Amino acid sequence: MENAQLVGLSRQVTLQRHMDVIANNLANITTNGYKTQSLLFEDIKLPRAEVDAFQRPDRPVDFVIDDANLYDLQPGQMLATGNPTDIAIEGAGWFVVQTPQGERFTRNGSFALDANGQLVTRDGNPVLTDGGPITFQQNETAITVSSDGSISTNQGARGRLRVVEFAKQGDLKKIGDTLFEGANPQPSTFPRVMQGQIEKSNVRSVVELSRMIQVSREYQSVANWLAATDDLRRSAIEKLAQVS
């Protein structure tokens, strides 16, 4: 019975974490460039005791753990804003930003100019070009970003946005809501950059709400099973206590 309760508790713990992930997805349904997160579950088998005196062979005990995080990296819907510092990538590719922890990658192209005229994310992290961060002077107007990421103003060419790709996108690790870290980024061969547009979250609310209902039902089912197991153990103890 103890094994049954431990198995049930392990399932409840993973379901609680699953619910937290779904809730976070729904909370970021309006976050630009957000990628839907899910959990990968795995069975962990408890080693069996090998004793010949057992009347029946010992059965393995399976526990449940959340082994890894999975991310849906499909593009979200594009939204035209007309803002010259809102930039989106059509197809594969990631913007590169500089953070205190090093280079990070994002699909959230809702950029802005800070007080010094530097192109930054909404969190204040510099957006990188092939030549590093870019700062516009006060006399520069008409910021234009072409489809290959080239930047120009009324003062002429200013550089090119750094857009990278990864051979194994599954190795990307999420840092924060829309930032990812990854190894061996390669320059995107044919990036298609769109100025005046942003990529919205790819969270599908109906799907996430359905998953939330399913997880809630599974959690309640496990809770009922654990309650029945506890009643069975209590009944067994009471009956054994009555044996003379």
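Predicted model only: the values in this text are computed from it and were never measured.

S.K.: Got a minute to help me understand the overall build of the protein in this structure?
M.R.: Helix and strand counts for the protein come out as two helices and 19 strands. Counting every position in the protein, which comprises 244 residues, the buried fraction comes to 37%.

S.K.: Before we go on, may I ask you to explain the pairing of strand E5 (residues 94-99) in this structure?
M.R.: Residues in a regular strand point their side chains to alternate faces of the sheet. Of all six residues that make up E5, five are buried, and the element is covered over most of its length. Relative to strand E14 (residues 163-165), E5 is paired through two bridges, and the arrangement is antiparallel. Directly across from Phe95, in E14, lies its bridge partner Val163. Of the pairings in the sheet, the one linking E5 to strand E6 (residues 102-106) comprises five bridges and is antiparallel in character. When the bridges of E6 are listed, Phe95 appears paired with Thr106.

S.K.: Sorry, what's going on with the sheet that holds strand E15 (residues 173-175) here?
M.R.: Sheet strands pair via backbone hydrogen bonds, and the direction of the pair is either parallel or antiparallel. Strand order across the open sheet formed by six strands is E15-E16-E6-E5-E14-E17, with antiparallel pairing between neighbours. At either end of the open sheet lies a strand with only one pairing partner, and these are E15 and strand E17 (186-187). Of the strand pairs in this sheet, E15 and strand E16 (residues 179-181) are connected by three bridges, and their pairing is antiparallel. When the sheet's bridge partners are listed, Lys173 is paired in E16 with Glu181.

S.K.: Would you explain the sheet that holds strand E12 (residues 150-153) in this entry?
M.R.: Read from one edge to the other, the open sheet built from three strands follows the order E11-E12-E13, with strand pairing classed as antiparallel. Pairing within the sheet leaves two strands with one partner each, and these edge strands are strand E11 (144-145) and strand E13 (156-160). As paired strands, E11 and E12 are joined by two bridges and run antiparallel to one another. The residue bridging Val145 from the neighbouring strand is Ile151, located in E12.

S.K.: Would you take a moment to explain the environment of Ser205 for this structure?
M.R.: Mapped onto the fold, Ser205 is located in helix H2 (residues 205-241). For Ser205, a relative accessible area of 31% corresponds to the partly exposed category. Sequence separation between Ser205 and Asn25 is 180 residues; the distance between their C-alpha atoms is 8.6 Å. Leave out the neighbours within four places in its chain, and Ser205 touches Leu26 and Ile29.

S.K.: Explain the packing of aromatic side chains here, please?
M.R.: Pairs of aromatic rings are described using the distance from one ring centre to the other and the angle between the two planes. Under the criterion given, the structure shown has four aromatic pairs. Note on Phe95 and Phe111: the rings are 5.2 Å apart at their centroids and 75° apart in plane angle, and the pair reads as edge-to-face. Of this pair, Phe95 sits in strand E5 while Phe111 sits in the loop between E6 and strand E7 (112-113), placing them 16 residues apart in sequence. In this pair, the class of Phe95 matches that of Phe111, namely buried.

S.K.: I keep staring at the environment of Val206 and nothing clicks. Help me out?
M.R.: Mapping Val206 onto the fold places it in helix H2. We classify Val206 as exposed; its relative accessible area is 61%. Spatially, the C-alpha atoms of Val206 and Leu26 are 9.9 Å apart, while their sequence positions differ by 180 residues.

S.K.: In this structure, what is going on with the pattern of salt bridges? I would like to understand it.
M.R.: A pair can form between side chains of opposite charge whenever their charged atoms are brought close. Under the defined criterion, the tally for this structure stands at eight salt bridges. Among the salt bridges present, the one from Arg162 reaches Glu103, with a minimum N-O distance of 2.8 Å. One end of the pair, Arg162, is in the loop between E13 and E14; the other, Glu103, is in strand E6, with 59 residues separating them in the sequence. On the basis of relative accessibility, which here comes to 32%, the residue Glu103 falls in the partly exposed class. Residue Arg158 pairs with Glu140 through a salt bridge whose shortest N-O separation is 2.6 Å. Placement of Arg158 in strand E13 and of Glu140 in the loop between strand E10 (132-133) and E11 is noted, with a sequence separation of 18 residues between them. Take Glu140: its relative accessible area is 10%, and that puts it in the buried class.

Parameters at a glance
- Residues numbered from 1 in each chain as written.
- Predicted model: local features only at pLDDT ≥ 70, side-chain atom pairs only at ≥ 80, totals over all residues.
- Heavy atoms only, no water.
- Helix = DSSP H or I, 4+ residues; strand = E, 2+ residues; numbered from the N terminus.
- Buried < 20%, exposed > 50% of the residue type's maximum accessible area, 1.4 Å probe, protein only.
- Pairing = 2+ DSSP bridges.
- Contact = heavy atoms within 4.5 Å.
- Phe/Tyr/Trp six-rings, centres within 6.5 Å; stacked < 30°, edge-to-face > 60°.
- Salt bridge = Lys/Arg side-chain N within 4 Å of Asp/Glu carboxyl O.

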